[in-house]
Amino acid sequence: MAVETPYAPPKARVAAEIRLPPSTPLAALGRRVVHLLLDWVFAWLFSILCGFLVGVAIGLLDIEGVNLSRLAGIVALAGFILYYVVFEASFGWTLAKLITGSRVVDQTGGKPSLLKVLGRTLARGVPFEPFSFLGRTGIGWHDRWSGTRVVTTRAVDGPAFADSFRPGFRRGRAPERVEPG
């Protein structure tokens, strides 16, 4: 039989998943634009770091016959994809979202799965996707197609992310609720 001591360190539920309540507000359009711009800068810096590390590895391994311009393009693309996938799948935010107090959530308010994050990231490559926020819902294609939303943990008003999954949702007004029966 184990005896509990009052001097034992407290036990924390570190691995417990955080679920935000359905009433958590969506991130506003201005905040989403800040995410877009800052994340492009951070992803670009991450890609440069990846390129530097690949260059060092090529130099240390003394690899010859490598087409450096083609390799640079591949590393840049991989760096952008890795930036979003690593941060959003691991933490539920990117550096820009961390700065602005925002998170990526799935329909339950939890951190999205790796496949949802991967789909969200690949959808960012669709031409004109950054302009998809200008529609009546204010929800981008990469959010809609992956079944995710970006919410703010610092705002007190705005439409709830749970409402944004309902048909007929429009930013700026409450969705039409259909009562069963």
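Structure report, in brief. Here the structure is a predicted model, which is why all the values come from computation and not from measurement. (Residues numbered from 1 in each chain as written. Predicted model: local features only at pLDDT ≥ 70, side-chain atom pairs only at ≥ 80, totals over all residues. Heavy atoms only, no water.)

On to the overall build of the protein chain. Scanning the protein chain for helices and strands turns up 6 helices and 2 strands. Along the protein chain, helices (α) and strands (β) appear in the sequence α-α-α-β-α-α-β-α when read from the amino end. Within the span of the protein chain, comprising 181 residues, buried residues form 34% of the whole. As displayed, the protein chain offers around 11600 Å² of accessible surface, 67% of which is attributable to carbon and sulfur atoms. (Helix = DSSP H or I, 4+ residues; strand = E, 2+ residues; numbered from the N terminus. Buried < 20%, exposed > 50% of the residue type's maximum accessible area, 1.4 Å probe, protein only. Areas by Shrake-Rupley, 256 points an atom, 1.4 Å probe, with all protein chains shown as cover.)

For the coordinates displayed, the defined rule picks out 8 aromatic pairs. Aromatic pair Phe87 and Phe91: ring centres 6.1 Å apart, planes at 40°, arrangement tilted. Since its relative accessible area comes to 17%, Phe87 is described here as buried. For Phe91, a relative accessible area of 39% corresponds to the partly exposed category. Centre to centre, the rings of Phe128 and Phe131 are 6.4 Å apart; their planes meet at 40°, and the pair counts as tilted. Residue Phe128 is classed as exposed on the basis of its relative accessible area, which comes to 61%. For Phe131, a relative accessible area of 54% gives the class exposed. Taken together, the ring pairs in this structure connect Phe46, Tyr83, Tyr84, Phe87, Phe91 and Trp93 into an aromatic cluster. (Phe/Tyr/Trp six-rings, centres within 6.5 Å; stacked < 30°, edge-to-face > 60°.)

Moving on: the nonpolar core. Formed by Leu20, Leu26, Val105, Ile139, Val151, Phe161 and Phe169, the largest nonpolar core amounts to 7 residues. Counting 5 residues, the second-largest nonpolar core is a separate cluster that includes Tyr83, Tyr84, Phe87 and Trp93. (Core = buried A, V, L, I, M, F, W, Y, C linked by side-chain atoms within 4.5 Å.)

The full count for this structure, using the stated rule, is 7 salt bridges. Across the salt bridge formed by Glu88 and Arg120, the nearest N and O atoms sit 3.0 Å from each other. One end of the pair, Glu88, is in helix α2 (residues 68-90); the other, Arg120, is in helix α4 (residues 114-123), with 32 residues separating them in the sequence. Grouping residues by exposure puts Glu88 and Arg120 together as buried. In this structure, Arg166 engages Asp163 in a salt bridge whose closest nitrogen and oxygen atoms are separated by 2.4 Å. On the accessibility criterion, Arg166 (34% relative accessible area) is partly exposed. Under the relative-accessibility criterion, Asp163 is labelled buried at 13%. (Salt bridge = Lys/Arg side-chain N within 4 Å of Asp/Glu carboxyl O.)

Which parts of space are left empty comes out when a probe the size of a water molecule is rolled across the atoms. One number sums up the size of the largest pocket: a volume of about 360 Å³. As for the largest pocket, its lining consists of 20 residues, and the residues nearest its centre are Trp40, Tyr84, Thr121, Arg124 and Gly125. For the lining of the largest pocket, the secondary-structure elements that each account for two or more residues are α1 (29-61), α2 and α4. Sorting elements by how many residues they give to the lining of the largest pocket places α1 first, with 5 residues. Per-class residue counts for the lining of the largest pocket are 10 nonpolar, 4 polar and 6 charged. (1 Å grid on protein atoms, 1.4 Å probe; cavity = no way out; pocket = protein on both sides within 12 Å on 5 of 7 lines; lining within 4 Å. Points joined across faces, edges and corners; volume = space filled by probe spheres on them. Nonpolar A, V, L, I, M, F, W, Y, C, P; charged D, E, K, R; others polar.)

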